[in-house]
Amino acid sequence: MWKKENVTLIEGFVLLGLVKTPSLEKVFFVLLFITYGMTILGNLVIIFVIRSDSRLHKPMYFFISNLSILEIIYTTTITPNTLRNFLIGDRSISFVGCFTQMFFFVALGSSECVLLTVMAYDRYIAICNPLLYSKYMNSFCCFQLVLLSYFLGSVNSLIHTVYAAVLPYCKEHQVDHFFCDHPALLKLSCRDTFPNELAILLIGGCLVIGGLMLTIVSYICILRAVLNIQSIGARPKALSTCGSHLLVVTIFFGTIISTYLLPGYNSSTEQNRVLSILYGVLTPLINPIIYSFRNADFLKAIQRSITK
């Protein structure tokens, strides 16, 4: 039984880091620094090209530019602090700083789940109902959908962050992770965390699984519409933008579900580290490559920008 008088209040936590072998820290620092720099540069290029080229002022590219903004902030919530820990060796983080980091990381990750679902809906309308596309996906509607993504993500994160922050942390204050992740923090509480885990499954699960199911339904409808196209040569063109989106969705949703929603999600620390690198560090890097730099219209826009 947990007793109130046995609780020791703590002022902060200590992050155990990405690797436990000192000889590997320099290698991981260089790799993480290069990855972070390429992520920021790639997403900034996308934002600049889309904003500067009027031919790309379309709903699809509006969502891509907002995804790039989200990715920059998303990876910045954890990567600079991890690089700092590699450099100075001081891995301590305050109680407020830890849960602030957790709030923004969960909020932006949840927002990305919703935004990817919105982008699937955009492709569904464009391919399955092209005559209604300008009506349904006008600028005001697109702006509202982006705001909805951030709103749902923030509400989801606020519930989990507050629910975790009020827990008593009377065990060791060492977080077995390289940032303040939800499962790693719950392990440090001396109170039963089943209600927190249930909230993750119910609230977070509805957001993630709901977004994944809507995305799958959108692509099933898109596939049926494409197969009904009489011109075989037009099919690859119709699927070109959807294939890259589906790849991003598979990687991102798959790692999120494996980390937070599967039974025993908080049992394997090493597995959680690897998955966290996938959706927190590598996904923001590959999104610019998959979404934009493989897109013919975007590459032409880059050429026009260079010419100017």
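The chain is annotated in an unreviewed UniProt entry as Olfactory receptor from Engystomops pustulosus. Taken verbatim from the UniProt record of the chain, the Sequence similarities (unreviewed entry) comment is "Belongs to the G-protein coupled receptor 1 family." Of the chain, the UniProt comment under Subcellular location (unreviewed entry) reads exactly: "Cell membrane".

Comments concerning the overall build of the chain
Across its full length, the chain holds 11 helices and three strands. Counting helices and strands in the order they occur from the N terminus, the chain gives β-α-α-α-β-α-α-α-β-α-α-α-α-α. For the chain, with 308 residues in total, the buried portion stands at 48%. Contacts in the chain between residues at least 24 apart in sequence constitute 79% of all its contacts with a sequence separation of at least 6. A total of about 15,400 Å² of accessible surface is found on the chain, and carbon and sulfur atoms cover 69% of it.

Concerning the sheet that holds strand 2 (residues 92–94)
Taken in spatial order, the three strands make up an open sheet running 2-1-3, and their pairing is mixed. The outermost strands of the open sheet, each flanked by one partner alone, are strand 2 and strand 3 (174–175). Pairing of strand 1 (residues 12–15) with strand 2 involves three bridges; the strand directions are antiparallel. Across the sheet, residue Gly12 finds its bridge partner in strand 2, namely Ser94. Helix-sheet contacts for helix 4 (residues 95–128) involve strand 1 and strand 2, and the interaxial angle to strand 2 is about 85°.

Points about the state of the cysteines
Counted under the stated rule, the structure contains one disulfide. A sulfur-sulfur separation of 2.0 Å characterises the disulfide bridge that pairs Cys98 with Cys180. Judged by the torsion about the S-S bond (-120°), the Cys98/Cys180 disulfide is left-handed. Note that Cys98 is positioned in helix 4 and Cys180 in the loop between strand 3 and helix 7 (182–186), a separation of 82 residues in sequence.

Some words on the packing of aromatic side chains
Across all of its chains, the model carries 16 aromatic pairs by this definition. Between Phe29 and Phe33 the ring centres are 6.1 Å apart and the planes differ by 20°, which places this aromatic pair in the stacked class. Of the two residues, Phe29 and Phe33 both sit in helix 1 (residues 22–52), four residues apart, roughly one turn of that helix. Between Phe95 and Tyr169, the aromatic rings sit 6.4 Å apart at their centres with planes inclined by 70°, giving edge-to-face as the arrangement. Linking Phe95 in helix 4 with Tyr169 in the loop between helix 6 (139–165) and strand 3, this pair joins segments that are 74 residues apart in sequence. Owing to a relative accessible area of 25%, Phe95 belongs among the partly exposed residues under this scheme. Ring pairing ties together the aromatic residues Tyr74, Phe105, Phe178, Phe179, Tyr260 and Tyr279, which thus form one cluster.

Let's talk about helix 3 (residues 79–88)
Here helix 3 has its buried residues at Thr79, Thr82, Leu83, Asn85 and Phe86. Buried residues of helix 3, seen end-on, are gathered within an arc of 155° and therefore sit on one face of the element. The outward face of helix 3, more than 90 degrees from its buried face, is lined by the exposed residues Leu87 and Ile88. At the exit of helix 3 stands Gly89, carrying a positive phi of roughly 80°.

Topic: the UniProt feature "transmembrane region" (unreviewed entry) in the chain
Feature annotation in UniProt places "transmembrane region" (unreviewed entry) on residues 27–49, 61–79, 99–121, 198–226, 238–262 and 274–293, given in this structure's numbering. Each end of residues 27–49 is marked by a C-alpha atom, and these two atoms are 33 Å apart; helix forms 100% of the span and strand 0%. Spanning residues 99–121, this segment combines 100% helix with 0% strand, and its end C-alpha atoms are found 33 Å apart.

Quick notes on the packing of helix 1 against helix 11 (residues 296–307)
Where helix 1 meets helix 11, the closest approach of the two axes is 10 Å, and the angle between their N-to-C directions is 80°. As judged from the angle between their axes, helix 1 and helix 11 are roughly perpendicular. Between helix 1, through Val45, Ile46, Val49, Ile50 and Ser52, and helix 11, the contact on the second element is made entirely by Phe298, Ala301, Ile302 and Ser305.

Definitions and cut-offs
- Residues numbered from 1 in each chain as written.
- Predicted model: local features only at pLDDT ≥ 70, side-chain atom pairs only at ≥ 80, totals over all residues.
- Heavy atoms only, no water.
- UniProt positions renumbered as here; feature names shortened; annotations may be inferred.
- Helix = DSSP H or I, 4+ residues; strand = E, 2+ residues; numbered from the N terminus.
- Buried < 20%, exposed > 50% of the residue type's maximum accessible area, 1.4 Å probe, protein only.
- Contact = heavy atoms within 4.5 Å.
- Areas by Shrake-Rupley, 256 points an atom, 1.4 Å probe, with all protein chains shown as cover.
- Pairing = 2+ DSSP bridges.
- Axes fitted to C-alpha atoms, helices over the stretch in contact; angles between N-to-C directions.
- Disulfide = S-S within 2.5 Å.
- Phe/Tyr/Trp six-rings, centres within 6.5 Å; stacked < 30°, edge-to-face > 60°.
- Arc of directions from axis to C-beta.
- Parallel < 35°, antiparallel > 145°, perpendicular 65-115°, else oblique.

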